[in-house]
Amino acid sequence: MTVLKPKDVAERLGVTTRTLQSWDRKGILKAKRSPTNRRFYTEDQIQHYLNRDAAASKRKRVAYARVSTYGQRDDLSDQLSYIRQYVNAKGIILDEEISDIGSGLNYKRPKWNKLLEEVMQGKIDKIYITYKDRFIRFGYDWFENLCKSHDTKIVILNNIDTSPDKELVEDLVSIIHVFSCRLYGLRKYKKKIKGEYLSDNQDTSSKAKSK
């Protein structure tokens, strides 16, 4: 087993020893410890890290933008432009830009579902969005954990200007409408059951009197 000092590993990976310490704490590249508690690495560890990094570089970096209606199409360009500026400043090149139109409550958006399929196929490295609700209105944490389980990171730029209050109001109205319809359906069903119950009782009473 070839043992490598942190200084040698840092030079080999083109980072500082402080970065290695940070990676150790975050679990990105865990250091081993000697009986005297000194950090060291093995050749197998470094090869595994390099291979994983090479594999990640082949996976796609995707910008995802969403608006609720076709009347907001100009906002899609603003979202993608904001993401582009962010990644360009970090020297990152996007592999794909996805523009989606549909409610954040809609789990049947074709482009969004295709993106999730690619996540689960291990094809996506990072997804860039301007705000959480651009990805999904409710249940974001569940989808974030799904992506994490497939080694995909969602990068949120937290640009609140791309999350119009009007959309939230419309989504809340949609939720209220759905529940109102359900309550109305339950009331009709309750009346139907009550009517059948009264009818049965009347029939039973009539039969009893006839005897």
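Thresholds applied
- Residues numbered from 1 in each chain as written.
- Predicted model: local features only at pLDDT ≥ 70, side-chain atom pairs only at ≥ 80, totals over all residues.
- Heavy atoms only, no water.
- Buried < 20%, exposed > 50% of the residue type's maximum accessible area, 1.4 Å probe, protein only.
- Helix = DSSP H or I, 4+ residues; strand = E, 2+ residues; numbered from the N terminus.
- Pairing = 2+ DSSP bridges.
- Core = buried A, V, L, I, M, F, W, Y, C linked by side-chain atoms within 4.5 Å.
- Contact = heavy atoms within 4.5 Å.
- Axes fitted to C-alpha atoms, helices over the stretch in contact; angles between N-to-C directions.

Burial of the side chains of strand β3 (residues 39–42) extends over both faces: Arg39 and Tyr41 are buried on one face and Phe40 and Thr42 on the other. Examined bridge by bridge, strand β1 (residues 3–4) and β3 share two bridges and lie antiparallel to one another. Note on β3: the bridge partner recorded for Leu4 is Tyr41. Sheet topology places strand β2 (residues 32–33) next to β3; two bridges connect them, and they run antiparallel.

Moving on, we come to the nonpolar core. Ranked by size, the top nonpolar core spans 17 residues in total, and within it Tyr64, Leu115, Ile127 and Phe135 carry the most contacts. Contributions of two or more residues to this core are made by β4 (60–67), α5 (110–120), β6 (124–129) and α7 (140–149). Residues in contact with Phe135, not counting those within four places in the same chain, are Tyr64, Arg109, Trp112, Leu115, Leu116, Ile127, Ile129, Tyr140, Phe143 and Ile154. Ranked by size, the runner-up nonpolar core spans twelve residues in total, among them Leu76, Ile92, Leu94 and Val155.

Here we have four strands laid out as an open sheet, ordered β5-β4-β6-β7, and parallel in their pairing. Both edges of this open sheet fall to β5 (96–101) and β7 (153–156), since each of them pairs with a single strand only. Strand-to-strand twist across the sheet, computed as the mean angle between neighbouring axes with direction ignored, equals 25°. Taken together, the six bridges between β4 and β5 define a ladder with parallel strand orientation. Bridge pairing in β5 links Val62 to Glu96. This element, helix α4 (residues 73–89), spans β4, β5, β6 and β7 of the sheet and lies at about 150° to β4. Lying over the sheet, α5 contacts β4, β5 and β6, oriented at roughly 140° with respect to β5.

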